[in-house]
Amino acid sequence: MQIVPLPPIRSGFLFVFAIAMLLTGAGCQPNLPPANRVFVVQPFKGISTEDIKAVYEKLLKVNPKGVLKPPTALPLNAYYRSGNRYRADSIISYLAKFGNADTVIIGLINHDISTRNVKATDWGVMGLGCQPGNACVISTYRLNKTKIADQFYKLALHELAHTQGLPHCPNKTCFMRDAEGGNYLDEETGFCKSCTAFLKSKGWQLPN
Ligand SMILES: [Zn+2]
Ligand SMILES: [Zn+2]
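Residues numbered from 1 in each chain as written. Chains lettered and ligands numbered in written order. Predicted model: local features only at pLDDT ≥ 70, side-chain atom pairs only at ≥ 80, totals over all residues. Heavy atoms only, no water.

1. Here's the deal with helix α4 (residues 148-163)
In plain terms, the rule: Helix and strand assignments come from DSSP, with helices taken as H or I runs of at least 4 residues and strands as E runs of at least 2, each series counted from the N terminus. Each helix should span, by expectation, one fewer than its residue count multiplied by 1.5 Å. Any residue under 20% of the maximum accessible area for its type is buried, any over 50% is exposed, and the rest in between are partly exposed; the area is computed with a 1.4 Å probe on protein chains only.
With 16 residues, α4 should cover 22 Å at 1.5 Å per step; its first-to-last C-alpha distance of 22 Å lies within 8% of that length. Burial analysis of α4 places 14 of its 16 residues in the buried class, which makes it a mostly covered element. Positive phi shows up at G165, right after α4, with a value of about 110 degrees.

2. Focus: the coordination of the zinc ion (ligand 2)
Put simply, the test is: Distances decide who is a donor: an N, O or S atom must be within 2.8 Å of the metal, or within 3.2 Å for Na, K and Ca. Water is not included, so sites may look incomplete. Geometry is assigned from the angles between donors: four donors with all angles from 85 to 135 degrees make a tetrahedral site, four or six donors whose opposite pairs exceed 155 degrees while the rest stay between 65 and 115 make square planar or octahedral sites respectively, and everything else is labelled irregular.
Taken together, C169 (SG), C174 (SG), C192 (SG) and C195 (SG) make up the full set of protein donors to the zinc ion (ligand 2), lying 2.3 to 2.4 Å away. In this structure, the zinc ion (ligand 2) is coordinated by four donor atoms arranged in tetrahedral fashion, with angles at the metal of 103 to 116 degrees. Sequence spacing of the donor residues for the zinc ion (ligand 2), all on one chain, is C-x4-C-x17-C-x2-C. Grouping residues by exposure puts C169 and C174 together as buried.

3. Section: the sheet that holds strand β5 (residues 85-87)
To keep it simple, the criterion reads: For two strands to be treated as a pair, DSSP must find at least two bridges joining them. Contacts are assigned to residue pairs with any non-hydrogen atoms lying within 4.5 Å of each other. Axis geometry follows a simple rule: fit a line to the C-alpha atoms, using only the stretch in contact for helices, then measure angles between N-to-C directions, giving values from 0 to 180 degrees.
As summarised here, the arrangement of the four strands in space is β4-β5-β7-β8, forming an open sheet in which the pairing is mixed. The open sheet has two free edges, formed respectively by β4 (79-80) and β8 (123-125), since each of these has just one partner strand. Judged from the three bridges that link them, strand β7 (residues 113-115) and β8 form a sheet pairing that is antiparallel. Bridge pairing in β8 links I113 to V125. Contacting β5, β7 and β8, helix α3 (residues 88-96) crosses the sheet at an angle of about 55 degrees to β5.

4. Some words on the packing of helix α2 (residues 49-62) against α4
Axis angle and axis distance: for two packed helices, these are the angle between their axes and the distance between the axes, and together they describe the pair. Condition: In these notes the angle categories are as follows: under 35 degrees is roughly parallel, over 145 is roughly antiparallel, 65 to 115 is roughly perpendicular, and the rest is oblique. Crossing chirality is assigned from the near helix's rotation relative to the far helix, an anticlockwise turn below a right angle marking it left-handed and a clockwise turn marking it right-handed.
Interhelical geometry of α2 versus α4 gives an angle of 50 degrees and a closest axis separation of 9 Å. Judged by the inter-axis angle, α2 sits oblique to α4. In the packing of α2 onto α4, the handedness of the crossing is right-handed. Contacts between α2 and α4 involve D51, A54, V55, K58, L59 and V62 from the former and I148, A149, D150, F152, Y153, A156, L157 and L160 from the latter.

5. Re α2
Since the α-helix turns once every 3.6 residues, residues separated by three or four places project in the same direction. For α2, which comprises 14 residues, the first-to-last C-alpha distance of 20 Å matches the rise-based estimate of 20 Å (1.5 Å per residue) to within 8%. Buried residues of α2: D51, I52, A54, V55, Y56, L59 and V62, and no others. Next to the buried residues of α2 lie β2 (38-43), β3 (66-68), β6 (103-109), β10 (135-139) and α4.

6. Thoughts on the pairing of β6
On any regular strand, side chains alternate: one points to one face of the sheet, the next to the other face. The buried fraction of β6 amounts to seven of the seven residues, a majority that puts the element mostly inside the structure. When β6 meets β10, the two strands line up parallel, connected through five bridges. In the strand pairing of β10, L108 is matched with I138.

7. Digging into the pairing of β10
Here β10 lies mainly inside the structure; five of its five residues are buried. The two faces of β10 match: A135, V137 and S139 on one face and C136 and I138 on the other face are all buried. Bridge count for strand β9 (residues 127-130) against β10 is three bridges, and the pairing is antiparallel. Counted as the bridge partner of L128 is V137 from β10. Hairpin connection, β9 to β10: the antiparallel pair is bridged by four residues.

8. Some remarks on the nonpolar core
To be explicit about the condition: By convention a nonpolar core is built from buried Ala, Val, Leu, Ile, Met, Phe, Trp, Tyr and Cys residues, the set being connected through side-chain atoms within 4.5 Å.
Core analysis: the biggest nonpolar cluster contains 35 residues, and L59, L108, F152, F191 and W204 have the highest contact counts within it. Those elements giving two or more residues to this core turn out to be β2, α2, β6, β10, α4 and α5 (193-201). Considering every element that reaches this core, the biggest residue donor is α4, with eight residues. Leaving out residues up to four positions away in the same chain, F191 has contacts with L157, A161, C174, F175, M176, T196, L199, W204 and L206. Listed in part, the 19 residues of the second largest apolar core include A78, Y86, I91 and L128.

Written out as structure tokens, the structure is:
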């Protein structure tokens, strides 16, 4: 999933729409971020050390400039009682406050997360990231429990690539495939050629 910043406001209707999107997409940036950003992993309390390490240590191979923060409490305003889950856009807004143009922060959570989309006001997702921006969040909740390490890492790369400005990709084996409510992570084998080229231009250390 991604949050895409809206184009400039031109009419009254767009203004109302834009306010709603800007609130949910707070922290997203209108311009493409610089290359070679430091990535900051921020776990939320409840997620296992094993799941944190699975993501952090593999991400270091793609970008050696990483920081692992100690687990922190979830922001109370992100809790959505009627769904008994957390709003991914609220978590992103919270995380974005700790970042700047030269960093990207990725939140790790074990609870279910959701966002608003064209189909529903509370749509469960595996992850959500600004496109582009400096924050994203991923959850273990909807992953295959026997393959969490592998799937969590693929999800991290997907959302971090969104924050770099990379959109979804039509290639079914590419990490940038749109999940569209499902979990196709096992079918994804890597970034396709064009997504790889884009990310390498941003300083990602990916194989050809
Ligand atoms: Zn996505
Ligand atoms: Zn691709």
